[in-house]
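Below are the chains, spelled out letter by letter.
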Amino acid sequence: MRTVGELVGQMRDGAREVLSLAFFYFAAIAAERLFVSRVAIFVGADAPAVLPLTAAIVLAAIVGFLLRPYLVYRFADDHGRRVTSDVMGTLAVAAPVVVIMARQFAAMLAGSLVAACALGYAGSAAHAGMARKFGRSSGLPHAISVAYAVGVTMQLVNNVVVPGEVPSQFLFMVVDIAMIAMLHEQGDRWAATRRARAAAGIEPDADRHASTAERSLAGRLVLATACLAGMYGLLDGLLVASGTPGVLDLDAGARLLLIVATLVAGLLCGASMRIVRLLGPVLAGLLALVGLLAVAGGAMAWLPITALSAGSGFLVVFYTTVFMELSLRMHMAELWPVAGCAVAYGAGLAGALVGMALTRTCGPAAVAAAGTMLLAGAAVALRSCAGMGISPASQPIDAEDTDHGVASDMDTGATAGTDAAMNARKDSSADFETLETAPSVASSSAAAEQPESSESLSKPLFSDRVARFSETNGFTPRECEILAELLVSDDSMQEIAGRLYLSRSTLYRHIATMSRKTGASSRAGLIKSFWLWDERR
């Protein structure tokens, strides 16, 4: 079982990623609120044009979600990715300013579309960073729930405490800029990791292929997410068409309930028992159905609003968690962490349009019937997922088994400590002080001992030697990547761990395991054994 101390340690190690995702959630909510207020000024809050305008903004956000993964695999070099990220980061900051300052409707609409797309791009980066940091960690659901709760709390404070519209917009811009800066820093560290992987001859994740069972699991999770998000879209459309107050901008009480539900969802999704993990999406579906039936039965407005608020927390934590875990094994892994958002946004939009149409033509009872059908579809999909494991991470994954996904750049320390690594850590605890205090000595000692011919090693020969040395000694792909980084870096252990998206303690355990496999006694001895290794033996 995990202890509170272990979870706190994981959160501390991944604080940048958690805060980046929290900033995205806040920015997304604040941008939506800004758009609604600006549309109300130009065309009126009840104008027929509001619905298609909102649909266009949601579609722009989905384009942003998917644009980043496409460009990551479209550009083979880091320079192209960096230029694209710089452009999208600039647009994510400049476009909201245009929305705020616009005096013409066309300028406001153009700024809103660009802002939605750019924020979607930033959200994709934030989700990918979270997946790389926590993807194999037992603390992933808790990290997601904390990030979402912090984002909603910031918006609650912005609405209730910050006085006036201008200060609220200023806070939105400050958080937006901070988010972009943090994501750029994460992008630089990720680029360094990719270079280290390339030097070690490790294949890109785009070249990996999921098994048939994993692809089937992905399809079922997409279906379950679409059905559940569609239910909340139906409920939202029904409430809007019925004129229920407080739908477009939840009050303080509803947001507090959303925060509590989000934290509870994190506890459920992080539970060790599969049946408990299933409670999150089950509660999300049941709460949506309760809201639909409450409106159809003419109940007071607080009941469906309560169901909408609480259920949204369970839904967001569920689909974000399972899709980040799914990215461990899937082809084009940068796509999957944000795929849940894209599916939920699209299904929610479709559900809202259908809900409004059914309410005006057939009445609320028809909407409730449609919601019941979607709940049945979600139940079937979740039942089949439970037979396979609710998510990839629910199945035990050996630290050695990292060939089928991107787990090799997602290790956070909670799941990397296999029995062998833990035993090696005990056996080699005396070496940790040497590892921490002598990073430059390690490289200089290795350089003094390496053969003269090593100076003429070209990059391809170097990567081949790293790969053959790793294969000979039984290294995992992750250990091969770490070895390549140790061989070319004189930085401290903390800096190396940061570039590899590892905690320092996890890096220690990896080095202890590698040292045990090679018979070395320290980081310096490990590097020395590499340069003195004769592959002809």
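Because the structure is a prediction, the values reported are computed rather than measured. (Residues numbered from 1 in each chain as written. Predicted model: local features only at pLDDT ≥ 70, side-chain atom pairs only at ≥ 80, totals over all residues. Heavy atoms only, no water.)

Once that is clear, we can look at the overall build of the protein chain. Scanning the protein chain for helices and strands turns up 22 helices and zero strands. A sequence separation of at least 24 residues applies to 84% of the contacts in the protein chain between residues at least 6 apart. (Helix = DSSP H or I, 4+ residues; strand = E, 2+ residues; numbered from the N terminus. Contact = heavy atoms within 4.5 Å.)

With twelve residues, helix α19 (residues 477-488) should reach 16 Å at 1.5 Å per residue; the first-to-last C-alpha distance of 17 Å fits that figure. Listing the buried residues of α19 in full gives Arg478, Glu479, Cys480, Glu481, Ile482, Leu483, Ala484, Glu485, Leu486 and Leu487. (Expected span 1.5 Å × (residues − 1). Buried < 20%, exposed > 50% of the residue type's maximum accessible area, 1.4 Å probe, protein only.)

When you line up the elements, Gly266 lands in helix α9 (residues 252-269). When its relative accessible area of 0% is taken as the criterion, Gly266 is described as buried. Separated by 55 residues in sequence, Gly266 and Thr321 have C-alpha atoms that sit 9.0 Å apart. If we skip the residues at most four places from it in the chain, Gly266 touches Pro141, His142, Ser145 and Val317.

So, about helix α11 (residues 279-296). End to end, α11 covers 25 Å across 18 residues, agreeing with the expected 26 Å (1.5 Å per residue, within 8%). Of all the positions in α11, only Gly280, Pro281, Ala284, Gly285, Ala288, Leu289, Gly291, Leu292, Ala294 and Val295 are classed as buried. Once α11 ends, the next one or two residues include Gly298, with phi positive near 75 degrees.

Attention now moves to the packing of helix α8 (residues 212-241) against helix α12 (residues 302-326). Taken N-terminus to C-terminus, the directions of α8 and α12 make an angle of 160 degrees; their axes are 11 Å apart at the nearest point. Taken together, the axes of α8 and α12 are roughly antiparallel relative to one another. Judged by the sense of rotation from one axis to the other, the crossing of α8 with α12 is left-handed. Touching Glu214, Leu217, Ala218, Leu221, Val222, Thr225, Leu228, Ala229, Tyr232, Leu235 and Leu239 of α8 are Pro304, Ile305, Ala307, Leu308, Gly311, Ser312, Leu315, Phe318, Tyr319, Val322, Phe323 and Leu326, all from α12. (Axes fitted to C-alpha atoms, helices over the stretch in contact; angles between N-to-C directions. Parallel < 35°, antiparallel > 145°, perpendicular 65-115°, else oblique. Left-handed = near helix turned anticlockwise from the far one by under 90°.)

One finds Met130, Phe172, Met179, Leu221, Tyr319, Phe323 and Leu326 to be the most contacted residues of the largest nonpolar core, which totals 112 residues. Tallying contributions element by element places helix α2 (residues 15-42) first for this core, with 14 residues. The next biggest cluster of nonpolar side chains, apart from the first, holds 24 residues, and it includes Val466, Ala484, Leu486 and Trp533. (Core = buried A, V, L, I, M, F, W, Y, C linked by side-chain atoms within 4.5 Å.)

Caution is warranted with low-pLDDT regions, since their predicted coordinates should not be read in detail. For the protein chain, per-residue confidence averages 78 on the pLDDT scale, and residues scoring 70 or more make up 78% of the total. Contacts for the low-pLDDT stretch residues 388-460, under 50 throughout, to residues beyond four places or in other chains number 152 contacts. (pLDDT = per-residue confidence, 0-100.)

With that settled, consider a nonpolar patch on the surface. Taken together, Val83, Val87, Leu91 and Val114 make up a surface patch of nonpolar side chains, about 270 Å² in accessible area. Here the nonpolar patch gets three residues from one element, more than from any other, and that element is helix α4 (residues 78-101). Inspection of the secondary structure assignment puts Val114 in helix α5 (residues 105-134). (Patch = residues over 30% accessible without salt bridge, like charges linked within 9 Å, V, L, I, M, F, W, Y side chains within 5 Å. Areas by Shrake-Rupley, 256 points an atom, 1.4 Å probe, with all protein chains shown as cover. Salt bridge = Lys/Arg side-chain N within 4 Å of Asp/Glu carboxyl O.)

It is worth spelling out the packing of aromatic side chains at this point. Tallied over the entire structure, the rule returns ten aromatic pairs. Relative to Trp336, the ring of Phe323 lies with its centre 6.3 Å away and its plane at 10 degrees, an arrangement referred to as stacked. One end of the pair, Phe323, is in helix α12; the other, Trp336, is in helix α13 (residues 336-361), and 13 residues separate them in sequence. The same class applies to Phe323 as to Trp336, namely buried. Through pairs of rings, three or more aromatic residues link up here, namely Phe24, Tyr25, Phe65, Tyr148 and Tyr345. (Phe/Tyr/Trp six-rings, centres within 6.5 Å; stacked < 30°, edge-to-face > 60°.)

Bringing the pattern of salt bridges into the picture now. Considering all chains together, one arrives at six salt bridges under this definition. Ionic pairing is found between Arg478 and Glu481, a salt bridge with its closest N-O pair at 3.0 Å. Of this pair, Arg478 and Glu481 both sit in helix α19, separated by three residues, roughly a single helical turn. One salt-bridge network, in which partners are shared between bridges, spans Arg68, Arg132 and Glu334.

The next point concerns the packing of helix α3 (residues 50-74) against α13. Here α3 crosses α13 at 165 degrees, and the two axes come no closer than 9 Å. The orientation of α3 with respect to α13, classified from their angle, is roughly antiparallel. The two elements α3 and α13 meet at a crossing, and its hand is left-handed. In this structure, α3 contributes Leu51, Ala55, Val58, Leu59, Ala61, Ile62, Phe65 and Leu66 to the contact, and α13 contributes Val338, Cys341, Ala342, Tyr345, Gly346, Leu349, Leu353 and Met356. Across the contact of α3 with α13, the residue classes break down as 15 nonpolar, one polar and no charged. (Nonpolar A, V, L, I, M, F, W, Y, C, P; charged D, E, K, R; others polar.)

Inspection of the secondary structure puts Leu235 in helix α8. Separated by 116 residues in the primary sequence, Leu235 and Gly351 place their C-alpha atoms 8.1 Å from one another. The residues touching Leu235, leaving out its near neighbours within four places in the chain, are Ala288, Gly291, Leu292, Val295, Pro304 and Leu308.

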